[in-house]
Amino acid sequence: MNPQAKLIFVLSLTLGTTLTISSNQWIMAWTGLEINTLAILPLISKSHHPRAIEAATKYFLVQAAASALVLFSSMTNAWHTGQWDITQLSHPTSCLILTVALAMKLGLVPFHFWFPEVLQGSSLIVGLLLSTLMKFPPITLLYLTSPSLKPSILMTMAILSAALGGWMGLNQTQTRKILAFSSISHLGWMAIIIAYSPKLALLNFYLYTLMTAAVFLSLNSIKALKLSTLMTTWTKTPSLNAILLLTLLSLAGLPPLTGFLPKWLIIQELTKQEVALAATIIALLSFLGLFFYLRLAYCASITLPPHTTNHMKQWYNTNPTNTMVAVLTTMSLMLLPISPIILAVV
């Protein structure tokens, strides 16, 4: 792709995200969402592979439907209340339609089917954008409207997302699909807490973005798209693979790594809100995610050649590891001791 064209699309993504997260009115928020959708489509389809074109088409159709529902919800609310303000969403029908629209935007169950397919058709860097930056505007809208939304609907979708994200990730062999189901599972944790503590949901999103970026960039450095490729990378970049093992365990939420912090705080807050049953269920469902993270970690770090995979052995990589990967992986592992400072800032 032409560098100038790529720069325009990246700037459009930044503009769309900024417009949505800083707007007070529904029309401006909707405009930002549309700019985002139109800017990411050329990046998804830039390889001109049939799978990439299919992914871009699926993404466009789902996001267009979700944006139409956002507009319909805001117009219904304005018709009944005379308010275009995002925080003044009060009509029950509007609240329900908006919940469905944002669930489609984010990929929450039962509107999750598009997300693994789109991620599988994209490159790892575009997959990183889809899993993190593209979810920021809908999460912001969910944060702003959380007092108006029904906690019972959000909790049901959250538990289903954690369950399906865990179950469907178990049998995957493609790293991008595994990370897609990991994203769905993590969205479940954000959705379950956003009605009770919106700031905690945002903290969870920030830390999830940090850890997911570290994993995506590490996989991009070693060009690992399948588990069979991942098995041959230990001899190529042993230090990066060792760090990738720990980052995956952090993403799974094991103490004393960074990923344990949001899960611990969410379970604590749910218990305080007297929904201990939901906290117990979602905590148990996180074991499913732990299994496929361990599987990824096992393939990356513990499986050593010679082995029975029929994949071509890669040459030793002399290129230095990206500084960004080093910074992100360090933060993905070491933030738990400074959690009081993080909580004070949030």
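Since this is a predicted model, take the numbers as computed values, not measurements.

It is worth spelling out a nonpolar patch on the surface at this point. A cluster of nonpolar side chains, namely Ile27, Met75 and Trp84, defines an oily patch on the protein surface of about 280 Å² accessible area. The residue Met75 is located in helix 3 (residues 50–81) in this model.

By size, the foremost hydrophobic cluster in this structure holds 106 residues, and its most contacted members are Ile40, Ile44, Tyr59, Leu130, Ile192 and Leu230. Per-element tally for this core: the top contributor is helix 10 (residues 198–221), with 15 residues. Built from parts of two domains, this core gets at least three residues from each of domain 1 (1–123) and domain 2 (150–345). Those residues in contact with Leu230 that lie beyond four places of it in its chain are Leu219, Ile222, Ala224, Asn241, Leu244, Leu296, Cys299 and Ala300.

Let us now look at unusual backbone geometry. Only a minority of non-glycine residues have a phi that is not negative, and only a minority of peptide bonds are not trans. A cis amide bond links Val109 to the next residue, Pro110, at an omega of 10 degrees. Geometrically, the link from Pro255 to Pro256 is a cis peptide bond, its omega value of 5 degrees lying close to zero. With respect to the secondary-structure elements, Pro256 resides in the loop between helix 12 (238–252) and helix 13 (260–272). You will see that Lys223, though not glycine, has its phi angle at about 55 degrees, which is positive. Here Lys223 shows up in the loop between helix 10 and helix 11 (227–230).

Let us look at helix 13. In a regular helix each residue adds 1.5 Å, so 13 residues correspond to 18 Å; helix 13 covers 18 Å between its end C-alpha atoms and thus fits that length. Within helix 13 the residues assigned to the buried category are Leu261, Pro262, Lys263, Leu265, Ile266, Glu269 and Leu270. Buried residues belonging to helix 13 abut helix 9 (175–193), helix 10, helix 12, helix 14 (276–302) and helix 16 (339–345). Directly after helix 13, the chain includes Glu274, whose backbone phi takes a positive value near 65 degrees.

The next point concerns the UniProt feature "domain: NADH:quinone oxidoreductase/Mrp antiporter transmembrane" (unreviewed entry) in the chain. Following the UniProt record, one finds the feature "domain: NADH:quinone oxidoreductase/Mrp antiporter transmembrane" (unreviewed entry) at residues 23–288. The span residues 23–288 is 74% helix and 0% strand, and its two end C-alpha atoms sit 38 Å from each other.

Another point: the packing of helix 9 against helix 13. Relative placement of two packed helices is described by the angle separating their axes and the distance separating the axes. Following both chains from N to C, one finds helix 9 and helix 13 inclined at 35 degrees, their axes separated by 10 Å at the closest point. Where helix 9 crosses over helix 13, the two elements pack in a sense that is left-handed. Contact with helix 9, carried on its side by His186, Trp189, Ile192 and Ile193, involves Lys263, Ile266, Ile267, Glu269 and Leu270 of helix 13 and no other residues of that element. Across the contact of helix 9 with helix 13, the residue classes tally to six nonpolar, one polar and two charged.

This part takes up the environment of His112. Mapped onto the secondary structure, His112 falls in the loop between helix 4 (92–106) and helix 5 (114–120). Apart from residues lying up to four places away in sequence, His112 is in contact with Gly107, Leu164, Met168 and Ile184.

A word on the pattern of salt bridges. Counted by the stated rule, this structure contains three salt bridges. Residue Lys58 is joined to Glu54 by a salt bridge in which the shortest nitrogen-to-oxygen separation is 2.8 Å. Of this pair, Lys58 and Glu54 both sit in helix 3, four residues apart, which is roughly one turn of the helix. By relative accessible area, which is 41% here, Glu54 ends up partly exposed. The salt bridge partner of Glu117 is Lys177, with a shortest N-O separation of 3.3 Å. One end of the pair, Glu117, is in helix 5; the other, Lys177, is in helix 9, and 60 residues separate them in sequence. Its relative accessible area of 18% is what places Lys177 among the buried residues.

What follows concerns the domain arrangement of the chain. Here the chain is partitioned into domain 1 (1–123) and domain 2 (150–345). Distance between the C-alpha centres of domain 1 and domain 2: 24 Å. Facing the 17 residues of domain 1 at the interface are 19 residues of domain 2. Taking both partners together, domain 1 and domain 2 bury about 1,500 Å²; carbon and sulfur atoms supply 75% of that area. Considering only the side of domain 1, the residues that lose the most area to domain 2 are Leu108, Val109 and Gln120, jointly responsible for 38% of the buried surface there. Joining domain 1 to domain 2, the criterion identifies one salt bridge. There are five residue pairs in polar contact (both at pLDDT 80 or more) connecting domain 1 and domain 2. Of all the secondary structure elements, the ones that give two or more residues to the side of domain 1 that touches domain 2 are helix 4 and helix 5.

Conventions we followed
- Residues numbered from 1 in each chain as written.
- Predicted model: local features only at pLDDT ≥ 70, side-chain atom pairs only at ≥ 80, totals over all residues.
- Heavy atoms only, no water.
- Patch = residues over 30% accessible without salt bridge, like charges linked within 9 Å, V, L, I, M, F, W, Y side chains within 5 Å.
- Areas by Shrake-Rupley, 256 points an atom, 1.4 Å probe, with all protein chains shown as cover.
- Salt bridge = Lys/Arg side-chain N within 4 Å of Asp/Glu carboxyl O.
- Helix = DSSP H or I, 4+ residues; strand = E, 2+ residues; numbered from the N terminus.
- Core = buried A, V, L, I, M, F, W, Y, C linked by side-chain atoms within 4.5 Å.
- Buried < 20%, exposed > 50% of the residue type's maximum accessible area, 1.4 Å probe, protein only.
- Domains from an automatic or database assignment.
- Contact = heavy atoms within 4.5 Å.
- Expected span 1.5 Å × (residues − 1).
- UniProt positions renumbered as here; feature names shortened; annotations may be inferred.
- Axes fitted to C-alpha atoms, helices over the stretch in contact; angles between N-to-C directions.
- Left-handed = near helix turned anticlockwise from the far one by under 90°.
- Nonpolar A, V, L, I, M, F, W, Y, C, P; charged D, E, K, R; others polar.
- Buried area = accessible area lost by both parts, 1.4 Å probe.
- Polar contact = N/O pair within 3.5 Å; in protein donor to acceptor, adjacent residues only side chain to side chain.

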